Amino acid sequence: VSWPSAWTEPALSYSASTINPNQKIIVNLTVYAPAGAEAGPYISKVRATSNTNDTATTTVSITTNVRQFYKVSVNIQGVKEVQPGAGQFVEYDVTVRNDGNGQDYFTLNTYVDPLNPGWSGDLSQSSTPTLDPGETTNLTLFVYPPLTEDAGEKGYIWVNATSEYDPAGAPAMKSSKS
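First, a word on scope: everything that follows refers to the structure included in this document. For clarity, every value in this text was computed on a predicted model and none was experimentally measured.

What follows concerns the nonpolar core. Ranked by internal contacts, the top residues of the largest apolar core, which has 19 residues, are I76, V94, V96, L141, V143, V159 and A161. If you list the elements that add at least two residues to this core, you get β5 (72-76), β6 (90-98), β7 (106-112), β9 (136-144) and β10 (157-163). If one sorts the elements of this core by residue count, β6 sits on top with four residues.

Turning our eyes to something else, we now look at the sheet that holds β5. The strand order β5-β6-β9-β8 describes an open sheet built from four strands, whose pairing is antiparallel. Edge strands, defined here as strands with exactly one partner in the open sheet, are β5 and β8 (120-123). Going from strand to strand, the sheet's axes swing by 25° on average, the running direction of each strand aside. Bridge count between β8 and β9: four bridges; the pairing is antiparallel. Residue pairing for β9: D122 is matched across the bridge by F142.

Tracing the backbone shows V112 in strand β7. The class of V112 is partly exposed, set by a relative accessible area of 24%. Separated by 47 residues in sequence, V112 and V159 have C-alpha atoms that sit 9.1 Å apart. Not counting the four nearest positions on each side in its chain, V112 is found in contact with W119, S120, G121, Y156 and I157.

One pass over the full model with this rule turns up six aromatic pairs. With a centroid separation of 5.4 Å and an interplanar angle of 85°, the aromatic rings of Y105 and Y165 are classed as edge-to-face. Separated by 60 residues along the polypeptide, Y105 in the loop between β6 and β7 and Y165 in the loop between β10 and β11 (173-177) bring together distant segments of the chain. Judged by relative accessible area, Y105 falls into the partly exposed class, the value being 29%. Judged by its relative accessible area of 31%, Y165 is partly exposed. Here the aromatic residues F89, F142 and Y144 are joined through ring pairs into a cluster of three or more.

Turning our eyes to something else, we now look at the pattern of salt bridges. Enumeration according to the criterion identifies one salt bridge in this entry. Across the pair D99 and R97 runs a salt bridge whose closest N-O atoms are separated by 2.5 Å. Among the residues examined, D99 registers a relative accessible area of 22% and is labelled partly exposed. Using a relative accessible area of 36% as the deciding quantity, one classes R97 as partly exposed.

Criteria and cut-off values
- Residues numbered from 1 in each chain as written.
- Predicted model: local features only at pLDDT ≥ 70, side-chain atom pairs only at ≥ 80, totals over all residues.
- Heavy atoms only, no water.
- Core = buried A, V, L, I, M, F, W, Y, C linked by side-chain atoms within 4.5 Å.
- Buried < 20%, exposed > 50% of the residue type's maximum accessible area, 1.4 Å probe, protein only.
- Helix = DSSP H or I, 4+ residues; strand = E, 2+ residues; numbered from the N terminus.
- Pairing = 2+ DSSP bridges.
- Axes fitted to C-alpha atoms, helices over the stretch in contact; angles between N-to-C directions.
- Contact = heavy atoms within 4.5 Å.
- Phe/Tyr/Trp six-rings, centres within 6.5 Å; stacked < 30°, edge-to-face > 60°.
- Salt bridge = Lys/Arg side-chain N within 4 Å of Asp/Glu carboxyl O.

Nothing here speaks to function; it is all geometry.
Here it is as structure tokens:
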């Protein structure tokens, strides 16, 4: 038996020690995909060899498909203050990370809390490039305060990242607020 590197040795079980000509037996192969395995196909091979004639062999390839799961994280750096008025804004560094086990890209948008009228936010890009598992990309969030506000008033703006590879139609979504 051969199996993908970094995987645990598969369990091979069968009930017969001797097989008559043209006889078939059931062979069970249990494959253990490790936690953190990236999505995709993996090949294991089972080779049967005659005990009496080592040139009589056959090899069967078995494909195990690790299903992709979709997950994303968004991190906004810091808390900042901005004065009200035309043309005033602050910039936040935003990091989007693919926490799934396969390639993905994410659409990005902002959401402004309706309890904070007058606040707005824009992103430097509306989507990420395709990211490998664990890969990140950086962008900028621009936050604009209302023209006037009461001292100490806060505005909350969320950055949403939505998976575009999830075929199930229930995209991975992560929000983080500034």
